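Structural features, examined
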Amino acid sequence: MSRFTPTVVLLGVDRLIGLQLARILWQRGVPVVGVALNPRAHYCRTRAVTKVLAMEDFEADPVAALAELSAGSGREAVSRPILIPCLDELVWWLAERREELAPHADFLLSSDDCLERLADKAVFCRELEAEGYPLPETRLCADAPALEAAARTLTFPVIVKPPRRSPEWMRATGGSKVLRIDEAESLLPRCVPLLSITTPLVLQSWVPGGDDCMYSVFVCLDRESRPAMPPVVVRKLRQWPPEIGVGSLSQQVEEPELAKLVLEILAARGFVGTGSMQFKRDAETGRFVVIEMNTRFALNFPICETCGVDATWIQCLLAAGQAIPVPPRITRPGGKWICWKRDLASAMVYRRRGELTIGAWLRSLRGRKRSADIMLRDPVPTLADVFGKLLGSR
């Protein structure tokens, strides 16, 4: 076991993925500092971080903040702080400040060109379609006439998403990452107002299949775009909200052809660091189609640790230029990941629809699994969430 113990700075610790990464590093004995967009969020109440800084304060002078962290840790001669962004907008923030921050901290981040080609959904779809990779039926719409043409030619239902998610998009859609539009007549009224927020809009025909047809491939690539760990393929079993949300229960599976395809696409673009590519298996044809790429830790990325792959620590080692002491491999196949709060909500919806029984839900929980939200050694974030919702409902 390496004695390398840097201070890790998580950008976006006020999100669930930030909380999970903080806990993983805390269990390893690594000091973690959280930077939060909302320092009052219940996720910031975790024992896993030594301190929480407001993002607005951190970004005002990040060099000074990093110098203060190094001085306070007493380990400045051994290692520099490691920065890990947990949100899309913080990946872009770090990319914009990379030259300023590189002398003061370590981080693993793809080039601006690579991020543009992978994280911008419009560019990503345009390139992959041109290269012949399987995609859903897709249109990029920059104005009302393009939306009118899409309404005439696309197969409905249609999923609408922005090229880059932003706070403005989330406010305009009521917090939805994507919109599902079931009828052509509804497309223009719902989408024209969104053109003032972002353009082009990415429209994709719905691929037949439920939550359990969604797959992700998790990777970590070194600075030469070589795999630093085996790709971990994960199948969602349920989502919240159902069908168009984020995973609430997932399981590691074997799909070597998907893993090979992802490494091929990413190596061609020079991708560096952790990321995940999402696919959907067409329930009618059995064909996999590419949905999108995340150039950061995805919400259920900690399933890698469940399966014996220390993905979070591998990211830290690579960022700091450290060697990985033991070649990573999946030692506990079939591991699961669950967000209890979301999976209970999802299960209740499916039960009301008559598509899931209590017994079937309980059986789906069997096996080794990692909890995203509940941790007995660190109960305050969950309790604060519960009590906050109870008080807010009064």
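Provided above is the structure to which this section pertains.
Below you will find a few notes about this structure. Just so it is clear, the structure is predicted and the values come from calculations on it, not from any experiment.

As a further point, take the state of the cysteines. Overall, the coordinates contain zero disulfides when judged by the stated rule. Cysteine cysteine 141 remains unbridged, with the sulfur of cysteine 191 as its closest cysteine sulfur at 7.9 Å. Here cysteine 141 falls in the buried class, since its relative accessible area comes to 1%. Take cysteine 220: it sits in no disulfide, and the sulfur closest to it among the cysteines is that of cysteine 304, at 9.2 Å.

Quick look at empty space enclosed by the protein now. Unfilled space is identified by rolling a water-sized probe across the atoms. Taken as a whole and judged by the stated rule, the model has two cavities of 30 Å³ or more. For the largest cavity, the calculated volume is near 90 Å³. Forming the boundary of the largest cavity are 15 residues, of which Pro85, Leu108, Thr274, Thr295 and Gln315 lie nearest the centre. Every element with two or more residues in the lining of the largest cavity is listed here: strand E4 (82–85) and strand E12 (273–281). In the lining of the largest cavity, the residues fall into nine nonpolar, five polar and one charged.

What follows is about the nonpolar core. For soluble globular proteins, the rule of thumb is that nonpolar side chains tend to be buried together. Core analysis: the largest hydrophobic core is formed by 50 residues, its most contacted members being Val8, Leu10, Ile84, Phe218, Met229, Phe301 and Cys304. Mapped onto this core, the elements with two or more residues apiece are strand E1 (8–11), helix H1 (16–27), strand E2 (32–36), E4, strand E9 (214–221), strand E10 (232–240), helix H12 (303–306) and helix H13 (311–319). Leaving out residues up to four positions away in the same chain, methionine 229 has contacts with Phe218, Val219, Cys220, Phe301, Cys304, Val309, Ala311, Ile314 and Pro328. Core analysis: the next-biggest nonpolar cluster, separate from the first, contains 27 residues, Ala122, Tyr133, Val217 and Leu221 among them.

An α-helical turn contains 3.6 residues, so any two residues separated by three or four positions project in the same direction. Taking 1.5 Å of rise per residue, 13 residues should cover 18 Å, and helix H14 (residues 340–352) covers 18 Å from first to last C-alpha, within 8% of that figure. Regarding H14, the residues found buried are Asp343, Ser346, Ala347, Val349 and Tyr350. End-on, the buried residues of H14 take up no more than an arc of 160°, which puts them together on one face. Facing away from the buried side of H14 by more than 90 degrees, the exposed set consists of Met348, Arg351 and Arg352. Buried residues belonging to H14 abut E10, strand E11 (246–253), strand E14 (336–338) and helix H15 (358–364).

The next thing to look at is the side chain of arginine 296. With respect to the secondary-structure elements, arginine 296 resides in the loop between strand E13 (288–294) and H12. One polar contact links arginine 296 to aspartate 88, side chain to side chain, over a distance of 2.6 Å. Not counting residues within four places of it along the chain, the set of residues in contact with arginine 296 comprises Pro85, Cys86, Leu87, Asp88, Val91, Arg165, Thr274, Gly275 and Ser276.

As a further point, take the packing of helix H4 (residues 88–96) against helix H6 (residues 112–119). The axes of two packed helices give the description: the angle between them and the distance between them. The geometry of H4 relative to H6 is characterised by a closest axis approach of 11 Å and an angle of 160° between their N-to-C directions. One finds that H4 runs roughly antiparallel with respect to H6. The hand of the H4/H6 crossing is left-handed. Facing H4, whose interface residues are Val91, Trp92 and Ala95, H6 presents Asp112, Leu115, Glu116 and Ala119. The residue inventory of the contact of H4 with H6, partitioned by class, reads five nonpolar, no polar and two charged.

Looking along the chain, the bond that leaves threonine 199 and enters proline 200 is cis, with omega of -5°. Locating proline 200 in the fold gives a position in the loop between helix H10 (187–191) and strand E8 (201–205). Residue proline 241 follows tryptophan 240 across a cis peptide bond; omega there is -10°. Here proline 241 is to be found in the loop between E10 and E11. Non-glycine residue serine 225 carries a positive phi angle of around 65°. Take serine 225: it is sitting in the loop between E9 and E10. Although it is not a glycine, glutamate 243 adopts a positive phi angle of roughly 80°.

Taken as a whole and assessed by the stated rule, the structure comprises four aromatic pairs. The interplanar angle of 85° and the centroid separation of 5.0 Å between the aromatic rings of tyrosine 215 and phenylalanine 288 together place this pair among those described as edge-to-face. Highlighted residues: tyrosine 215 in strand E9 and phenylalanine 288 in strand E13, separated in sequence by 73 residues. The class for phenylalanine 288 is buried, based on a relative accessible area of 18%. Seen from their ring centres, phenylalanine 297 and phenylalanine 301 are 5.0 Å apart, and the 70° between their planes marks the pair as edge-to-face. A relative accessible area of 1% means that phenylalanine 301 is categorised as buried. It is arginine 164 that lies over the ring of tryptophan 92; its NZ or CZ is 3.6 Å from the centre. Above the face of the tryptophan 206 ring, lysine 280 is positioned so that its terminal group lies 3.8 Å from the ring centre.

If you trace the four strands from one edge of the open sheet to the other, you get E3-E2-E1-E4, paired in parallel fashion. Two strands close off the open sheet at either side, each with one partner strand: strand E3 (51–54) and E4. With strand direction ignored, the average angle separating the axes of adjacent strands in the sheet is 25°. Pairing between E1 and E4: four bridges, direction parallel. In the sheet register, leucine 11 faces E4, and the bridge partner there is proline 85.

Quick notes on the rules
- Residues numbered from 1 in each chain as written.
- Predicted model: local features only at pLDDT ≥ 70, side-chain atom pairs only at ≥ 80, totals over all residues.
- Heavy atoms only, no water.
- Disulfide = S-S within 2.5 Å.
- Buried < 20%, exposed > 50% of the residue type's maximum accessible area, 1.4 Å probe, protein only.
- 1 Å grid on protein atoms, 1.4 Å probe; cavity = no way out; pocket = protein on both sides within 12 Å on 5 of 7 lines; lining within 4 Å.
- Points joined across faces, edges and corners; volume = space filled by probe spheres on them.
- Helix = DSSP H or I, 4+ residues; strand = E, 2+ residues; numbered from the N terminus.
- Nonpolar A, V, L, I, M, F, W, Y, C, P; charged D, E, K, R; others polar.
- Core = buried A, V, L, I, M, F, W, Y, C linked by side-chain atoms within 4.5 Å.
- Contact = heavy atoms within 4.5 Å.
- Expected span 1.5 Å × (residues − 1).
- Arc of directions from axis to C-beta.
- Polar contact = N/O pair within 3.5 Å; in protein donor to acceptor, adjacent residues only side chain to side chain.
- Axes fitted to C-alpha atoms, helices over the stretch in contact; angles between N-to-C directions.
- Parallel < 35°, antiparallel > 145°, perpendicular 65-115°, else oblique.
- Left-handed = near helix turned anticlockwise from the far one by under 90°.
- Phe/Tyr/Trp six-rings, centres within 6.5 Å; stacked < 30°, edge-to-face > 60°.
- Lys NZ or Arg CZ within 6 Å of the ring centre and 35° of its normal.
- Pairing = 2+ DSSP bridges.

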